[in-house]
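Residue-level listing of the chains:
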Amino acid sequence: MAVFDLIVLGGGPAGYTGAIRAAQLGLNTAIVDKREVLGGTCLNIGCIPSKALLLSSDHLHFARHQAARHGVLFETVSFDLAQMMNRKQGVVRQLTQGLEFLMKKNKITRLFGVGQVLAPGKVVLTKADGGQEELQGKHVVLATGSVPAELPNVPIDRQTIVTSDEALAFAQVPNELVVVGAGAIGLELSSVWSRLGSKVTIIEFLPRIAAFFDPDVTQALQKALEAEGMKFHLDTTVTSVALCNGRATVEAISKENDKLQFSADKVLIAVGRKPYLDGAVSKDLGLKLTAGGRVAVDERYRTNVPDLYAIGDIIEGPMLAHKGEDEGVACVERIAGRAGHVNYDAIPNVIYTNPEVAGVGLTEDLAKVRGIAVRVGKFPFAANGRALANDESQGFAKILADPKTDKLLGAQIIGFGASELIPEAVTVLEFGGSAEDVGKTVHAHPTMSEALKEAALAVNNQAFSIPPSPRESRSAAAGSKR
Ligand code: NAI
């Protein structure tokens, strides 16, 4: 029987990062995954392939709608969907092969098959050919991830009614695409297919899209996506989807009780993800779950089963790759007797639409709910030199700080490259810095990052280049006439 210090079940970002850290700390480590390649949802059918398609489709959008403004003229603009998909798969292949290399480099034993914890420290591995092998681990970490959530009365056939798994690989551009759910997945995949020519209708149950950001941010995002051609039905619940001759009919009901019907050649269900644990732990062990159906863990990621830990999408918290990665590191550091820790107040969240949306920490909405006083500074990209030079002047940066201490409590950015601008706010939040710290840090000029600096200065009304409000412009114009 193979014996290890640590067996990780699941080779996604939480699992493979935890395994690498464990190996670095000298633990004899094995990683088990039923996929032939490591990387889990994120690398294979999630974060990475979606980013590849978002960029390809954004290039097309640029060629069609923005290039001429730069004086760049194309005689004709067309695209090759098969090549877009090939490039996407090439990126996935490169990264998953890179992971196999990292496993070898760190001397991690890579096992293919489905793992099941039978007793504390005892795992049975069922291979693709049905053969079984018993493994012994001093510690076992569950990192089995999540799968798309489904809706009642919506039969997902993976052809016409699909999840993100299929919507990342359509062989043809759908003429009419209905997307149920305006979260990160719904909005990113809507962007891809809308840019490639689908008529996209998005149905969202809540009164606004991407509801984990503040209303000023989501309103700006919705406006930008509508300008790209997407149609939104908010405050609307999908009640059923039926298949008929290869097409789908979506029935929905609005808040005012109006019955709505949509016909589409593809329907994407993007209403969240649910933890995936199927068979990973023998029922006899009585693994404790939370009220929300996730695996219950303590601050050291220990479950109620001795020597069994859980990290990533199967435990509470946002289902984000980077949250899982940091939990993987913290969990094995604690196992190795070190001081691992994840700061759940400083986990960034990004939607990779155009404009991108990124946020970290407290929002104004959350501050209201929790009764926390905040001071807000905002700065528009329309007043940022680099954004104008880039022809990317949509959006703004926003900083929330404590009115008494000026401590930075949160930041949101909507605009080009927001995903690459938010880390500054994450770092300052992590270090307990203030809005003034951001405002008094030298930022390279001209960069879009100056908008974050100006937003930080605006917290205390010290921004340099905030443009006049329409009212101020009108009164200035009236004044100059006199
Ligand atoms: P989500 O929970 O972010 O959004 C789902 C949306 O569907 C919600 O707005 C919800 O109100 C709506 N909804 C639920 N039932 C509905 C119904 N019957 N009719 C209409 N609307 C309904 O989930 P999403 O977008 O599927 O993403 C799943 C997870 O994956 C999330 O945790 C997300 O953060 C993560 N993810 C993150 C990405 C990123 O960081 N860029 C990209 C993709 C996914």
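About the criteria used
Residues numbered from 1 in each chain as written. Predicted model: local features only at pLDDT ≥ 70, side-chain atom pairs only at ≥ 80, totals over all residues. Heavy atoms only, no water. Near = heavy atom within 4 Å. Polar contact = N/O pair within 3.5 Å; in protein donor to acceptor, adjacent residues only side chain to side chain. Areas by Shrake-Rupley, 256 points an atom, 1.4 Å probe, with all protein chains shown as cover. Helix = DSSP H or I, 4+ residues; strand = E, 2+ residues; numbered from the N terminus. Nonpolar A, V, L, I, M, F, W, Y, C, P; charged D, E, K, R; others polar. Domains from an automatic or database assignment. Contact = heavy atoms within 4.5 Å. Buried area = accessible area lost by both parts, 1.4 Å probe. Salt bridge = Lys/Arg side-chain N within 4 Å of Asp/Glu carboxyl O. Core = buried A, V, L, I, M, F, W, Y, C linked by side-chain atoms within 4.5 Å. Buried < 20%, exposed > 50% of the residue type's maximum accessible area, 1.4 Å probe, protein only. Pairing = 2+ DSSP bridges.

If you check the shell around the ligand, you find 24 residues, and the closest are Ile185, Glu188, Glu204, Gly272 and Val350. Note that an oxygen atom of the ligand is positioned 2.9 Å from one of the backbone N or O atoms of Ile185. Considering the ligand on its own, with 850 Å² of exposed area, one finds that the protein chains cover 81% of that surface. Taken together, the elements giving at least two residues each to the shell around the ligand come down to α6 (184-195) and β12 (236-244). Grouping the constituent residues of the shell around the ligand by class yields 16 nonpolar, five polar and three charged.

What follows covers the domain arrangement of the chain. Looking at the chain, the domain boundaries give domain 1 (2-147 + 274-342), domain 2 (161-271) and domain 3 (346-458). Using C-alpha coordinates to define each centre, domain 2 is positioned 28 Å away from domain 3. Every contact between the two is made by 18 residues of domain 2 and, on the other side, 19 residues of domain 3. With both sides pooled, the region where domain 2 packs onto domain 3 buries about 1,500 Å², and carbon together with sulfur makes up 62% of that total. Counting every contact that joins domain 2 to domain 3 gives four salt bridges.

Before going further, it helps to spend a moment on the nonpolar core. With 50 residues, the main nonpolar core has Val117 and Leu142 as its most contacted residues. Ignoring any residue separated from it by four or fewer positions in sequence, one finds Val117 in contact with Leu9, Lys122, Val123, Val140, Leu142, Ala280, Val281, Ser282, Leu285 and Leu308. Membership of the second largest hydrophobic core comes to 34 residues, among which are Ala182, Val192, Leu268 and Ile414.

Take the pairing of strand β6 (residues 132-142) next. The sheet contact formed by strand β1 (residues 2-9) and β6 spans seven bridges and is parallel. For Val3, the partnering residue across the bridge sits in β6 and is Gln136. Relative to β6, strand β5 (residues 122-126) runs antiparallel, the two being bridged by five bridges. The partner of Val123 across the bridge, within β6, is Leu135. The turn joining β5 and β6, which pair antiparallel and follow one another in sequence, is formed by five residues; a positive phi near 90° is taken by Gly130. Sheet analysis places β6 next to strand β17 (residues 308-310), joined by three bridges and oriented parallel. For Val141, the partnering residue across the bridge sits in β17 and is Tyr309.

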